[in-house]
Amino acid sequence: MTARRTAAAGVDYRLLAEFRFLQRQFLDFSERAARKAGLTPQQHQALLAIRGSDGPPPSVGYLADQLLIRHHSAVGLANRLVAAGLLKRVADAADRRRVTLAPTAKAEALLAKLSSAHRDELKRMAPTLRAILETL
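Residues numbered from 1 in each chain as written. Predicted model: local features only at pLDDT ≥ 70, side-chain atom pairs only at ≥ 80, totals over all residues. Heavy atoms only, no water.

Before going further, it helps to examine the overall build of the protein chain. For the protein chain, the count of helices and strands is five helices and two strands. Secondary structure of the protein chain in N-to-C order comes out as α-α-α-α-β-β-α. Here the protein chain has a C-alpha radius of gyration of 19 Å; the compact-globule value for 136 residues is 14 Å, and the former is much larger. For the protein chain, the C-alpha atoms occupy an extent of roughly 60 × 30 × 20 Å along the three principal directions. Looking at the 136 residues of the protein chain, the share that counts as buried comes to 32%. Partitioning the contacts of the protein chain with sequence separation of at least 6, the portion at a separation of at least 24 is 49%. For the protein chain, the exposed surface amounts to about 8800 Å²; the carbon and sulfur share of it is 55%. Computing the positive centroid from 22 side-chain charges and the negative centroid from 12, the protein chain places the two 4 Å apart. (Helix = DSSP H or I, 4+ residues; strand = E, 2+ residues; numbered from the N terminus. Rg over C-alpha atoms; globule rule 2.2 N^0.38 Å. Buried < 20%, exposed > 50% of the residue type's maximum accessible area, 1.4 Å probe, protein only. Contact = heavy atoms within 4.5 Å. Areas by Shrake-Rupley, 256 points an atom, 1.4 Å probe, with all protein chains shown as cover. Lys, Arg positive; Asp, Glu negative; His and termini not counted. Charge placed at Lys NZ, Arg CZ, Asp CG, Glu CD.)

Glancing now at the nonpolar core. Formed by 28 residues in total, the largest nonpolar core has its most connected members in Leu39, Leu47, Leu63, Leu81, Leu86, Leu87 and Leu101. Residue assignment for this core shows that the elements contributing at least two residues are helix H1 (13-36), helix H2 (41-52), helix H3 (60-67), helix H4 (71-83) and helix H5 (105-135). Sequence-distant contacts of leucine 63, defined by excluding residues within four places in its chain, comprise Ala46, Ile50, Ala74, Leu77 and Leu101. (Core = buried A, V, L, I, M, F, W, Y, C linked by side-chain atoms within 4.5 Å.)

Let us now look at the packing of aromatic side chains. Within the structure shown, the criterion is met by one aromatic pair. Ring geometry for phenylalanine 26 and phenylalanine 29: centres 6.2 Å apart, planes at 35 degrees, overall tilted. With phenylalanine 26 and phenylalanine 29 both in helix H1 and three residues apart, this pair spans about one turn of that helix. Judged on exposure class, the residue phenylalanine 26 and its partner phenylalanine 29 are both buried. (Phe/Tyr/Trp six-rings, centres within 6.5 Å; stacked < 30°, edge-to-face > 60°.)

Side-chain direction in a regular strand flips from residue to residue, so the side chains alternate between the two faces of the sheet. Across the five residues that make up strand E2 (residues 99-103), a large majority, four, are buried. Note: strand E1 (residues 87-91) against E2, five bridges, orientation antiparallel. Counterpart to lysine 88 in the pairing with E2 is alanine 102. (Pairing = 2+ DSSP bridges.)

Helix length check: H2 (twelve residues) gives 16 Å between terminal C-alpha atoms against 16 Å at 1.5 Å per residue, within 8%. Close packing links the buried residues of H2 with H1, H3, H4, E1, E2 and H5. (Expected span 1.5 Å × (residues − 1).)

Let us look at H4. Taking 1.5 Å per residue as the helical rise, H4 with its 13 residues ought to reach 18 Å, and the 18 Å between its terminal C-alpha atoms agrees with that figure. Residues Ala74, Gly76, Leu77, Ala78 and Leu81 constitute the buried set of H4. Elements in contact with the buried residues of H4: H2, H3, E1 and E2. Glycine 85 lies just past H4 and shows a positive phi near 75 degrees.

When you line up the elements, glutamate 121 lands in helix H5. Every residue in contact with glutamate 121, bar those within four places of it in the chain, is listed here: Phe26 and Phe29.

If you want it as C-alpha cells, here you go:
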C-alpha cells in the first residue's frame, strides 16, 4: 500500500483529487463555451436536457428534475428560453393541460455546435479519465 492510500478505507486521495480536477476543468470549459455561444451555462444545460430526453416529450417538471432545481425556477428558465427564441411550448395532444418543451431550430443549431466542442473536449480528457476510473 502506498503512502497516499489510507489503510482504513483503501482510498486513493490523489486519484479522487485528480478526478475532481478533471470535472472542474470540464465544467469550466463547458461554461465558457456556453457563454461564448450566447447562453448561460444553465440555459445550455436546459437545452441539452430537453434535446437529450429519450422518454415522453419533456415538461417543465422534467426540466426541474434534470437540472436539480425547483419547479418555479424551471418555469422561469423555460420562459427566458422561449423569449430568446430557443424553446417552444407545445400543448400535449392527449392532455391539453400538459405542456411540453421542444428546442427551436435556433437552439438545435447552437446545441450542435456546442455538443461537437464538448465531444472534442471529452475525447481529449478520455485517456486520463479512463486511467483514473480503471485504477479506482
